[in-house]
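# Reading the structure
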Amino acid sequence: MHVQEWLEAVPPVAIYALVGLVIGLESLGIPLPGEIILVSSALLASQHGDINPVILGACATAGAVIGDSLGYAIGRRGGRPMLAWLGKKFPRHFGEGHIATAERSFEKWGMWAVFFGRFIALLRIFAGPLAGVLHMPYWRFFTANLLGGIVWAGGTTAVIYYVGVVAESWLKRFSWLGLVVAVLIGLTSMIVLKRKARNAARQAETETETEAETAAEPRTGTVAAAE
């Protein structure tokens, strides 16, 4: 059953709670389809007056901010051993390449990696926990987290809702076109992310080998001198 068709059978209060919970768990670090649930719910709100888009956006924002904050706390407490454990348990989502890609984003953007991470599937899962692991000052994290949650969750809800209201008949008639576009975008994003993760993993391995060789050189010299 399509996500939107399934949501039509759920009461409005349950939809608010579901959106907040799924987005919160995704922000916590659990790979769930938060964006799909949010878009489907906002589109459903544009077609059914029982769902209030303001409440929907508020619940989505609250879930995003609270989930990221909990992820930050867990990451700060668990540190890198936690990432290593997650990598062994869930290599598909928390592999070394994915973590390396996320860390490079933090090195490049700093606190704004948390903000921009809201719009990138990979960083949306890593942003909170990784910010905690890297000991980002909480006030910086919270500022970017709050702004990102409002812009992403509230903005997505508003845009999808008003697009649905204005073009409801068009969307019904050409829904297959939107599905095709969504699939193509999703596949392209997945390929790009996998390629970046693979390159980051190779670079990390190269750096590790270089460091190991560098560390071994003085020892070799010392042994030779002793002989």
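Residues numbered from 1 in each chain as written. Predicted model: local features only at pLDDT ≥ 70, side-chain atom pairs only at ≥ 80, totals over all residues. Heavy atoms only, no water.

This paragraph deals with the overall build of the protein. Scanning the protein from terminus to terminus reveals 11 helices and zero strands. Moving toward the C terminus, one meets the helices and strands of the protein in the order α-α-α-α-α-α-α-α-α-α-α. The proportion of buried residues among the 227 residues of the protein is 38%. Considering only residue pairs separated by 6 or more positions, the protein has 77% of its internal contacts joining residues 24 or more positions apart. (Helix = DSSP H or I, 4+ residues; strand = E, 2+ residues; numbered from the N terminus. Buried < 20%, exposed > 50% of the residue type's maximum accessible area, 1.4 Å probe, protein only. Contact = heavy atoms within 4.5 Å.)

This paragraph deals with helix α2 (residues 12–28). Helix length check: α2, at 17 residues, gives a terminal C-alpha distance of 24 Å against a target of 24 Å (1.5 Å per residue), a fit within 8%. Listed in full, the buried residues belonging to α2 are I15, Y16, V19, G20, V22, I23, G24, E26 and S27. The first or second residue beyond α2 is G29, which carries a positive phi of 125°. (Expected span 1.5 Å × (residues − 1).)

Another aspect to go through is the environment of D50. Topologically, D50 is positioned in the loop between α3 (34–47) and α4 (53–89). Remark: the alpha-carbon pair of D50 and P11, spanning 39 residues in sequence, is separated by 8.7 Å. Beyond its immediate chain neighbours, meaning those up to four positions away, D50 contacts P12 and Y16.

Now for α3. For α3, which comprises 14 residues, the first-to-last C-alpha distance of 20 Å matches the rise-based estimate of 20 Å (1.5 Å per residue) to within 8%. Among the 14 residues in α3, 10 count as buried, and that is most of the element. The complete set of buried residues in α3 reads G34, I37, L38, S40, S41, A42, L43, L44, A45 and S46.

In the predicted model, the protein carries a mean pLDDT of 75, and the fraction of residues at 70 or more is 63%. Looking at the elements of the protein, mean pLDDT is at its lowest for helix α10 (residues 168–173), recorded as 55, and at its highest for α2, recorded as 90. Scored below 50 in pLDDT, residues 222–226 shows zero contacts in the model against residues more than four places distant or in partner chains. (pLDDT = per-residue confidence, 0-100.)

The next point concerns the packing of aromatic side chains. All chains considered together, the criterion is met by eight aromatic pairs. Relative to F141, the ring of Y72 has its centre 4.6 Å away and its plane inclined at 25°; by these criteria the two rings are stacked. On the criterion of sequence distance, the pair formed by Y72 in helix α4 and F141 in helix α9 (residues 138–166) is long-range, its members being 69 residues apart. With a centroid separation of 5.2 Å and 80° between ring planes, the pair formed by Y161 and Y162 is classed as edge-to-face. On the basis of relative accessible area, Y162 is assigned to the exposed category, the value being 55%. Three or more aromatic residues link up through ring pairs in this structure, and these residues are Y72, Y138, F141 and F142. (Phe/Tyr/Trp six-rings, centres within 6.5 Å; stacked < 30°, edge-to-face > 60°.)

Let us look at the packing of α2 against α3. In helix packing, the relevant descriptors are the interaxial angle and the interaxial distance, both defined with respect to the helix axes. It is the contact of α2 with α3, at a shortest axis distance of 9 Å, that shows an interaxial angle of 155°. What the angle tells us is that α2 and α3 run roughly antiparallel. Crossing of α2 over α3 shows left-handed handedness. Touching I15, V19, V22, I23 and E26 of α2 are G34, E35, I37, L38, S41 and L44, all from α3. Taken together, the residues of the contact of α2 with α3 break down into seven nonpolar, two polar and two charged. (Axes fitted to C-alpha atoms, helices over the stretch in contact; angles between N-to-C directions. Parallel < 35°, antiparallel > 145°, perpendicular 65-115°, else oblique. Left-handed = near helix turned anticlockwise from the far one by under 90°. Nonpolar A, V, L, I, M, F, W, Y, C, P; charged D, E, K, R; others polar.)

Moving on, we get to a nonpolar patch on the surface. Where nonpolar side chains cluster on the molecular surface, the patch consists of F119, Y138, F142, L146, I150 and V151 and spans about 510 Å² of accessible area. For F142, the position within the fold is in helix α9. (Patch = residues over 30% accessible without salt bridge, like charges linked within 9 Å, V, L, I, M, F, W, Y side chains within 5 Å. Areas by Shrake-Rupley, 256 points an atom, 1.4 Å probe, with all protein chains shown as cover. Salt bridge = Lys/Arg side-chain N within 4 Å of Asp/Glu carboxyl O.)

By the secondary structure assignment, N145 is in helix α9. The class of N145 is buried, set by a relative accessible area of 0%. In contact with N145, other than residues within four places in its own chain, are A64, V65, D68, S69, V114 and R118.

Our next topic: unusual backbone geometry. The backbone phi angle of H135 is positive, close to 55°, even though this residue is not glycine. As for its placement among the helices and strands, H135 is situated in the loop between α8 (121–133) and α9.

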